[in-house]
Amino acid sequence: MTRTVSRSLLSLAAALSLASSASAQGTLKIGAVTSLSGRFATFGQMQQAGFRVAIEELNAKGGVNGQKLELLLEDDASDTNKALTAAEKLVNQKVPVVIGAYASGITKPLSQYMSRAKVPLIVATAVDETITKPGNAYTFRVNNQSSVYTRSLIDQLRKLAGLKTAVVLTSNDAFGKSVMTDVTKLLPAAGYTLLGKDTYDQGLTDFRPILNRYKAQNPDVVIFASYEQDAVALTKQVKEVGLNPRVMAGIATGFALPDFLKGSADAGENFLVTMVWNQDVRYPGAQNLYTRLKKALGGEEPSQHAAQSYAAMLAAADAVRRAGSADPEKVRAALTTTNLSTAFGPVTFRTYGGYQNQNSVVGLITQVQKGKFVTVFPASASRGKIILRR
Amino acid sequence: MTASVTPARPRALTFGNVWISLALIAVMAVYPLLFGKSMNFGVSTLIFAGLAMSWNLLGGWAGQTSLGHAALLGIGAYTMTILATPERVPAFLGGPLAPWWGALIGMALAALLALVWGSLTFRLRGSYFTLSTIAVALVIRLVAINSDWTGGSEGLFMPELPRFLGLDLFDRQAEYWLAFAFVILTLIITHAVRRSRLGYALQAVREDEDGARALGIDPTRMKVIAFVISAVLTALGGSLYAIYLQAFEPHTLLELPISVQIALMAIIGGRGSIQGPAIGAILLAVFGEVFRTVFANANLLIYGVLILAVTLYAPDGITGLFTRGGRKLGTAR
Amino acid sequence: MDSAQLTAFTQTLAQGLLTGGLYALIGTGLSLIFGVMKVINFAHGDFLAIGMFITLALFRAFHLDPYLSLLVAAPVGFALGYAIQRFVLARLGDRLSEASMLATLGLGLIISNTLLLTFGAQPQNINVPYAIQTVQLGGVQLSIPLIVAGLGTLASIGGLNYLLYRTELGRAIRATAQNPLGAELQGVKTTNIQAIVFGLGVAFAAIAGVLLMPLLYAFPTVGENYTTKAFIVTVLGGLGNLPGAVVGGLVLGGIESLGAFYISNNYRDAYGLVAFLLVLLLKPEGLFGKTVKRV
């Protein structure tokens, strides 16, 4: 008992103090905070795989500025306070840059703290618009803001002839809100009449009443933006209630996960799914990255979060290399001039349209065809053609 | 209502209590000297210590278990932030309010809510009140998510704030001492309640509600007063928490697990004691931090085991373990 | 109302009642436990999650039909509940009603995190051929798993009713609920009865989990929402009132579905919560006044 107590006290002291940073001299430490436990753990594992694959690749090439890279990965247990404590620990260990966190709700306070601590933060997965709009000088985002998904879909819908009416159902989180705002504004401009717009709460598992209403309205297009875990149930219930529009679209999140194909089986056939990365995308090395990520995940299918985290790690290492130093302020300055081509796609942090330090990512539209995601838009990346459901 | 449904009873009232409070204050005062680089941990821990203390005025002293305190916390955080934000402040106020006025208004709103909520629900006994707190908090959460003036699901960002008594509110040191002051305030109020007529009345109500009524005590009124004090302090804590976070959204601030966390801290620390909730909050934060580093993915599992162990082996909370002797001095069961 | 709207209404109501049946099943378990022991089980939804994951694991390992998992999940749930009452809750003695909240919250954390470590956090489902098959009843389209869930609920509640009112054990349970001391004096081993009751309550949650699996997906914290639903159902029907819980479940399913259909989906959970608060304030003994047993 006494030994356990003293061991706990020791590890607490280590956790809270600087003492532990003395280990592993000569490596270049990159900090990361993500959710390895708690309700976001799936995505934390994806992030971890992306980080590790990137570090392996960089170290195989000799590291950065003659130093091997080392990942200091902190678990935030899907909890805001723990994320802030973890980030502070990394700052105390004098990391030049931190990557994280997974969820938007945790990332926003984290970004505020990092800007206070004057250490750059690279966001790899959180999509909330407000993270980079207005953002701050220390926050950089590799992944796209949520509106990219919606806008690329609406661009595509504009081009499909003969479709007039639409309904939209989104999650009631920040992501859903952004989708709803864009759909409400842009879809009428694209020639559609919006017959219904609704949100639903986390943990809701019965979508039948609202789907029944849509069925009675009989729209041409149905757009969903769900919580990650709900895409499959939503899709099955669409089939169950007999809702059959000409176009079904799912915006990223759960629809873009490999599990969607497995879980929804033929109920998901011909769904349009917007995402930013897919293994069939025509970026050099994409297929190879997919294979390496899958291996790092122990055979599990990687999601776009893994690829985004991989790119974030490359961007971090690249900035440290160009800064020629691990000084956070110099790394921050270097990040603003990032210009990388990765297997995830190009990475540059630009300030445009109200966004600050935001990478511009091309939204892909894929369609589930014979149980696989096939990229159908943009033309430069596409490998297939859109099939209307009826 | 059977005897087994009697709520928790505070431990014996001994002078030891004041010394424990002073020791606790001393520990909090030296923390920045020892761990000056870990202020995030320090600030959030103290805020939750104060929240657990505030919870206990209702949960321990009045014996009414609330699982809806996240709503009161949210009222404090939202009111202050909305009133301090130029784009959000209602027009008739003529411009953003300083955060201290916002905090006071938030406390007043929380008091009002507690007054209405308590008056309506304290006619019910035992578990019914607890269930009502869950429902009220969940309804408030849905309103925050679905309204525009709350920032909806994207929540709010803290705007620039004026200096408070010369302190930069976004300086972690300043925040630490504000949180420290918040815990001391809750300690003082708890001590004061214990010595007041309210404290004795609450104790009488907890012991035997019908007996207390016979003595001329109005149990509902006593509980409502305790609820209002608890709500006011919780809203104050919410304002501090908003300053600390600088950005929050309903999905992280108003969820049931936050309410549960506050209640667990108080109960594990010892809902019958004066300082127990603060001690519980500090110990749970420390354990949470150690577990996070030592047990990796299993950290929340071990946390659950800890809760279960305390329930089984430390019925009066962690502080109860050290005051077993004092038990005899209390009123006999 | 034109015919498309009429069909949509009927379909929504039918599905709402079937979903409500599942709420009833979950609420009955909670209400039973409360009625006998005055314990509010905050881990109730987590027991449902156990039922779901048992189904998932058996399907993955042996390709066992999800409904056959009932034969495993119900006894496992019962044993688990029995053991928890015997070795955890019974030890709380006269602190039971206050400490049980803490104990069950702790148990809930242990269960959901054990599931997380074993199965991972990602939502997982099973694909059986009938999962998305539907039947047409006069224009109303209902999924087969939803109908099976409704039938399963009926059978479970019918079985419980038989047990409580037609068997010796049921008499002992009712006696324990009404007057533990008196029951003990009559030779009823109340500690054993309480463990059986907790076991039954958990088994009901596990059965609900199995019935939900073909309709839904499992993830470690799937139970959270169902715990709240169970509270609502139980209060609507009156704490400890079993027939009340059944009606409470159907009412909740109905108002949620029709509210989402006609008013707004955005506030869907609020309809149940507001009904719950109104009942709590105006008729705390539940919608039906007379209860099996008042607290």
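How each quantity is defined
Residues numbered from 1 in each chain as written. Chains lettered and ligands numbered in written order. Predicted model: local features only at pLDDT ≥ 70, side-chain atom pairs only at ≥ 80, totals over all residues. Helix = DSSP H or I, 4+ residues; strand = E, 2+ residues; numbered from the N terminus. Rg over C-alpha atoms; globule rule 2.2 N^0.38 Å. Buried ≥ 20, exposed ≤ 12 C-beta atoms within 10 Å, placed from the backbone. Contact = placed C-beta atoms within 7 Å. Nonpolar A, V, L, I, M, F, W, Y, C, P; charged D, E, K, R; others polar. Domains from an automatic or database assignment. Expected span 1.5 Å × (residues − 1). Axes fitted to C-alpha atoms, helices over the stretch in contact; angles between N-to-C directions. Parallel < 35°, antiparallel > 145°, perpendicular 65-115°, else oblique. Left-handed = near helix turned anticlockwise from the far one by under 90°. Pairing = 2+ DSSP bridges. pLDDT = per-residue confidence, 0-100. Right-handed = clockwise from strand over helix to strand, strands pointing away.

(A) Highlighting the overall build of chain C. What chain C contains, in helices and strands, is eleven helices and two strands. Its C-alpha atoms give chain C a radius of gyration of 19 Å, near enough to 19 Å, the size a compact globule of 295 residues would have. C-alpha extents for chain C along the principal axes are approximately 65 × 50 × 35 Å. Burial statistics for chain C: of 295 residues in total, 62% are counted as buried. Of all intrachain contacts in chain C linking residues separated by at least 6 positions in sequence, the fraction that spans at least 24 positions is 77%.

(B) Highlighting the overall build of chain A. If you tally the helices and strands in chain A, you get twelve helices and 16 strands. The C-alpha atoms of chain A give 22 Å as radius of gyration, which agrees with the globular expectation for 390 residues (21 Å, within 12%). Within chain A, the proportion of its 390 residues that are buried is 62%. Of the contacts made within chain A by residues no fewer than 6 positions apart, 67% connect residues no fewer than 24 positions apart.

(C) Layout of the interface of chain B and chain C. At the junction of the two partners, chain B supplies 35 residues and chain C supplies 37 residues. Elements with a contribution of two residues or more to the side of chain B that touches chain C: helix 5 (127-146), helix 11 (256-270) and helix 13 (299-313) of chain B. In terms of residue count, the dominant contributor to the side of chain B that touches chain C is helix 5 of chain B (eleven residues). Residues that form the side of chain B that touches chain C fall into these classes: 26 nonpolar, nine polar and no charged.

(D) Structural detail: the domain arrangement of chain A. Residue and element names in this part refer to chain A. Per the domain assignment, the segments of chain A are domain 1 (24-144 + 284-358) and domain 2 (147-275 + 363-377). The C-alpha-based centres of domain 1 and domain 2 are spaced at 29 Å. Between domain 1 and domain 2, the contact holds eight residues from the first and ten residues from the second. In the side of domain 1 that touches domain 2, the residues fall into one nonpolar, four polar and three charged.

(E) The arrangement of helix 2 (residues 44-62) of chain C in detail. Residues and elements named next belong to chain C. Under the 1.5 Å per step criterion, the end-to-end length of helix 2 is 27 Å for 19 residues, consistent within 8% with the ideal 27 Å. Taking burial as the measure, the 19 residues of helix 2 include 15 buried ones, the bulk of the element. Looking at the residues trailing helix 2, positive phi occurs at H63, about 55 degrees.

(F) Region of the structure containing the interface of chain A and chain B. With 32 residues of chain A at the interface, the matching set in chain B holds 30 residues. Mapped onto the side of chain A that touches chain B, the elements with two or more residues apiece are helix 1 (2-16), helix 3 (80-92), helix 4 (104-117) and helix 6 (174-189) of chain A. If one sorts the elements of the side of chain A that touches chain B by residue count, helix 3 of chain A sits on top with seven residues.

(G) Fine view of the packing of helix 2 (residues 41-60) of chain A against helix 11 (residues 304-323) of chain A. All names here are of chain A. Orientation of helix 2 relative to helix 11, taken along the N-to-C sense of each, is 40 degrees, at an axis distance of 7 Å. By the angle class used here, helix 2 and helix 11 are oblique. As helix 2 packs across helix 11, the resulting crossing turns out to be right-handed. Here F43, M46, Q47, A49, G50, F51, V53, A54, I55 and L58 of helix 2 come into contact with helix 11, specifically with H305, A306, A307, Q308, S309, Y310, M313, L314 and A317.

(H) Fine view of the sheet that holds strand 8 (residues 221-225) of chain A. Residues and elements named next belong to chain A. Taken in spatial order, the seven strands of this open sheet run 7-6-8-9-10-15-16, and their pairing is mixed. Each edge of the sheet is formed by a strand with only one pairing partner; in this case those strands are strand 7 (193-200) and strand 16 (372-377). Recorded for the sheet is a direction-independent mean angle of 25 degrees between the axes of neighbouring strands. Note that strand 8 and strand 9 (residues 247-251) share four bridges and pair parallel. Bridge pairing in strand 9 places V222 opposite M248.

(I) Main features of the pairing of strand 6 (residues 165-171) of chain A. Residues and elements named next belong to chain A. Most of strand 6 is tucked away, with six of its seven residues classed as buried. In this sheet, strand 7 lies alongside strand 6 in parallel orientation, the contact comprising seven bridges. Bridge assignment links V167 to a residue of strand 7, and that residue is G196. In this sheet, strand 8 lies alongside strand 6 in parallel orientation, the contact comprising five bridges. Paired with A166 across the two strands is V221, which belongs to strand 8.

(J) Looking closely at unusual backbone geometry. Residue and element names in this part refer to chain A. Of the consecutive residues G100 and A101, the connecting peptide bond is found in the cis state with omega at -15 degrees. Note that the residue after K133, namely P134, is joined by a cis bond; omega there is 5 degrees. Examined against the element boundaries, P134 turns out to sit in the loop between strand 4 (121-123) and strand 5 (139-141). One non-glycine residue, N65, adopts positive backbone phi at about 50 degrees.

(K) View of the packing of helix 2 of chain A against helix 10 (residues 286-296) of chain A. Residue and element names in this part refer to chain A. Two elements in contact, helix 2 and helix 10, have axes whose closest approach is 9 Å; the angle formed by their N-to-C orientations is 115 degrees. Viewed along their axes, helix 2 and helix 10 form a crossing whose handedness is right-handed. For the pair formed by helix 2 and helix 10, the contact residues are A49, G50, R52 and V53 on the first element and R292, L293 and A296 on the second. Its residues assigned to classes, the contact of helix 2 with helix 10 comprises four nonpolar, one polar and two charged.

(L) Here's a closer look at the environment of B:F248. Relative to the assigned elements, B:F248 resides in strand 2 (residues 247-248). Its 26 C-beta neighbours within 10 Å are what place B:F248 among the buried residues. Between the C-alpha atoms of B:F248 and B:V116, which are 132 residues apart in sequence, the distance is 27 Å. Each residue touching B:F248, except ones within four places of it in the same chain, is listed here: A:P109, B:A77, B:G155, B:L156, B:A242 and B:L253.

(M) Summary view of helix 3 (residues 69-84) of chain B. Its 16 residues give helix 3 of chain B an end-to-end C-alpha distance of 23 Å, which sits within 8% of 22 Å, the value for a rise of 1.5 Å per residue. In terms of burial, helix 3 of chain B is a largely internal element, 16 of the 16 residues being buried.

(N) Examining the confidence of the model for chain A more closely. Here chain A averages 88 in pLDDT, and 93% of its residues register 70 or above. Taken together, the stretch residues 1-5 of chain A has pLDDT below 50 and engages in zero contacts with residues farther than four places along the chain or on a different chain.

(O) Quick peek at the environment of A:T291. Turning to its location among the elements, A:T291 is positioned in helix 10. The class for A:T291 is exposed, based on 12 C-beta atoms found within 10 Å.

(P) Looking closely at the pairing of strand 1 (residues 27-34) of chain A. All names here are of chain A. With six of eight residues buried, strand 1 lies mostly within the body of the structure. Alignment of strand 1 against strand 2 (residues 68-75), held across eight bridges, turns out to be parallel. Looking at the pairing, A32 lines up with L73 of strand 2. The β-α-β motif built from strand 1, the intervening helix 2 and the parallel element strand 2 has right-handed crossover chirality. Here three bridges tie strand 1 to strand 3 (residues 98-100), and the two strands are oriented parallel to one another. Note on strand 3: the bridge partner recorded for A32 is I99.

(Q) Representation of the environment of A:T170 within the structure. Residue and element names in this part refer to chain A. Position of T170 relative to the elements: it lies in strand 6. The class of T170 is buried, set by 26 C-beta atoms lying within 10 Å. Distance in space between the C-alpha atoms of T170 and S360 is 24 Å, their sequence separation being 190 residues.

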